[in-house]
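Next come the chains, spelled out residue by residue.
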Amino acid sequence: MRQAGHGGFLDRWRFYRPTGDRQRQAVIAEEQAGRAVAFRARGFAVAAVMLCLPLLTVPPRLWYYLAAAALFFLLGLVPHLLRRHRYAAAIQAVFVVLDAALITTVIIMPPPGGLDIGWPVQTRLRSSEFLYLIVLLVGAALSYSPWQVIWTGISIIATWSAGVAAVYWRADTLHYDGGLESMPVDAAMKVFLDPHFVSGGTLLNQVILTAIATGVLAAAVHRSRLMLLRHTRAEIARSALARYVSADLADAILRSERRFDTPATREVAVLFADIVGFTGLSERTPPERIVALLKSFHERCCRVVFRHGGSLDKYIGDGFLATFGAIGDMPDAAARALRCAVELQQEIDRWNGKRAARGAAGIPLSIGLHFGPAVVGNTGTEERLEFTVIGDTVNIASRLEGFTREARCRIAASEACLAAAHAAGGTLPAFRHFGPVAVRGRGEPVDVHIWPAAPIGAP
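Our subject in this report is the structure included herewith. (Residues numbered from 1 in each chain as written. Predicted model: local features only at pLDDT ≥ 70, side-chain atom pairs only at ≥ 80, totals over all residues. Heavy atoms only, no water.)

### A closer look at helix α10 (residues 287–307)
Let me state the cut-off plainly: Under the DSSP-based scheme used, a helix requires at least four consecutive residues in state H or I and a strand at least two consecutive residues in state E, with every element numbered from the N terminus. Under the convention used throughout, the expected extent of a helix is 1.5 Å for every residue step, that is, one less than its residue count. The classification of residues rests on relative accessible area computed with a 1.4 Å probe and restricted to protein chains. Under 20% of the type maximum is buried, over 50% is exposed, and intermediate values are partly exposed.
Here α10 spans 30 Å end to end across 21 residues, near enough to the 30 Å set by a 1.5 Å rise per residue. Looking only at α10, the buried set comprises I290, L293, L294, F297, H298, R300, C301, C302, V304, V305 and F306. Just beyond α10, the residue with positive phi is G309, at close to 80°.

Okay, here's the thing in structure tokens:
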């Protein structure tokens with residue numbers, strides 16, 4: 001299905017075609033906003049002309065020109081009201097021609113009904129009213145379409161040339177195609193001052209200047225449209241990236257020249273978190289309440305992770321995997337992960353306090369932390385990609401999360417994570433050294449530190 005306001009041949013030019021539905025919708029919205037701004041500018045221009053007309057003419061000719069200004073406003077009202085129509089671009093193109101034809105007619109043709117002051121029609125080409133057509137061209141620049149600017153310029157040149165030609169070829173028109181500069185001064189002045197004289201050179205200059213103005217404005221709008229496309233692409237990318245990281249980190253990644261999802265091996269702090277006893281809780285809780293509980297849990301934890309500059313790798317049932325330093329270099333990744341883990345527990349404590357106040361069961365949280373090299377990049381297929389971390393560092397963090405039950409602690413962190421955090425400097429939470437722990441799937445034990453520093457249940 002074609003989207004409203006996105007019809008017409010102009011949108012098929014590949015240089016200006018949005019990519020994807022989200023960008024297409026964003027560009028359509030900006031184009032419609034541009035049309036709305038152009039219509040408001042037209043309204044201000046018409047109001048200014050109407051206010052000045054009493055200074056330039058008197059009734060009854062005044063009523064004729066006021067009516068023409070009102071008609072010009074109405075010609076802008078129709079495409080404005082239809083700016084969301086599927087053929088909005090074509091409608092706009094038609095009314096641009098009508099605008100140019102109306103202005104040309106009012107400038108060149110004498111007022112009907114005996115309202116003219118009786119001067120030869122040729123004298124109407126010597127005034128500066130042609131500039132009103134240039135104002136029409138400037139108004140087209142408010143759009144995000146260089147093709148609309150070009151079409152407006154072509155319409156102005158065509159209608160004005162047709163109007164001048166109609167006067168030029170009148171039987172009573174005096175014109176000298178050989179050039180007045182080749183005549184004696186007195187003779188040239190006589191021709192030039194004749195009220196029936198029309199200069200073809202004047203029309204040529206008007207056409208050339210209009211063409212130059214059209215090209216310059218089209219180039220300016222071309223740049224504006226490219227900037228709009230880049231901006232919408234960046235916003236869409238930022239929105240997609242915000243599913244992984246905090247908004248500030250997403251902005252930093254987008255400003256970087258290096259792709260964040262390029263496969264690489266990085267020093268990463270990995271945080272595994274899981275709700276303890278969730279299986280039993282889910283068995284005695286209605287499904288809709290379980291879903292609501294998980295949503296609240298994930299929202300609270302996600303805010304904390306992002307606050308510490310971490311990225312959300314994935315939700316794993318009632319738990320999640322967060323990383324620090326996976327998307328971009330982060331010298332203090334381990335320290336951030338440790339502080340984040342403690343604040344996660346504090347956030348869960350506050351949440352459990354609210355749950356206890358309404359008679360709901362507490363939600364115990366266990367966390368495992370490790371720091372080391374990991375492979376980062378996209379996995380999956382073209383239809384379903386997932387940015388993730390892979391390797392021994394991830395497996396150890398997962399095993400340490402499970403070890404918290406045995407150690408009767410809430411956070412279990414490896415010696416590698418604590419050492420990297422201390423090397424980065426800054427104040428760190430107090431952990432208690434537990435000692436070497438055998439980790440399934442690994443030959444060498446992992447030296448572990450646990451939190452809280454005092455054993456759970458100790459006075």
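### Some points on the nonpolar core
The test is simple: As used here, the term nonpolar core means buried Ala, Val, Leu, Ile, Met, Phe, Trp, Tyr and Cys residues forming a set that is joined through side-chain atoms within 4.5 Å. Residue contacts are defined here by distance: any two heavy atoms, one from each residue, within 4.5 Å place the two residues in contact.
Counting residues in each nonpolar core, the largest one holds 45 residues, and the members touching the most others are L271, F320, L344, I367 and L369. Contributions of two or more residues to this core are made by β1 (264–275), α9 (278–283), α10, β3 (319–324), α11 (333–357), β4 (365–380), β6 (411–414) and α13 (415–424). Ranked by the residues each element gives to this core, the list is headed by α11, at 11 residues. Discounting chain neighbours no more than four positions away, the residues touching L369 are V270, L271, A337, L338, A341, A397, L400, I411, A412, A413, S414 and C417. With 33 residues, the next largest nonpolar core counts L137, V164, Y168 and V198 among its residues.

### Thoughts on the pairing of β6
Short version of the rule: For two strands to pair, DSSP has to find at least two bridges joining them.
Where burial is concerned, the two faces of β6 agree: the one with I411 and A413 and the one with A412 and S414 are both buried. Sheet topology places β6 next to strand β8 (residues 446–451); 4 bridges connect them, and they run antiparallel. Residue pairing in the sheet places A413 in a bridge with H449 of β8.

### A short note on the pairing of β8
By the criterion of burial, β8 is predominantly enclosed, with 5 of the 6 residues buried. Of the pairings in the sheet, the one linking strand β7 (residues 432–437) to β8 comprises 5 bridges and is antiparallel in character. When the sheet's bridge partners are listed, H433 is paired in β8 with H449.

In short, shape yes, function no, at least from these values alone.
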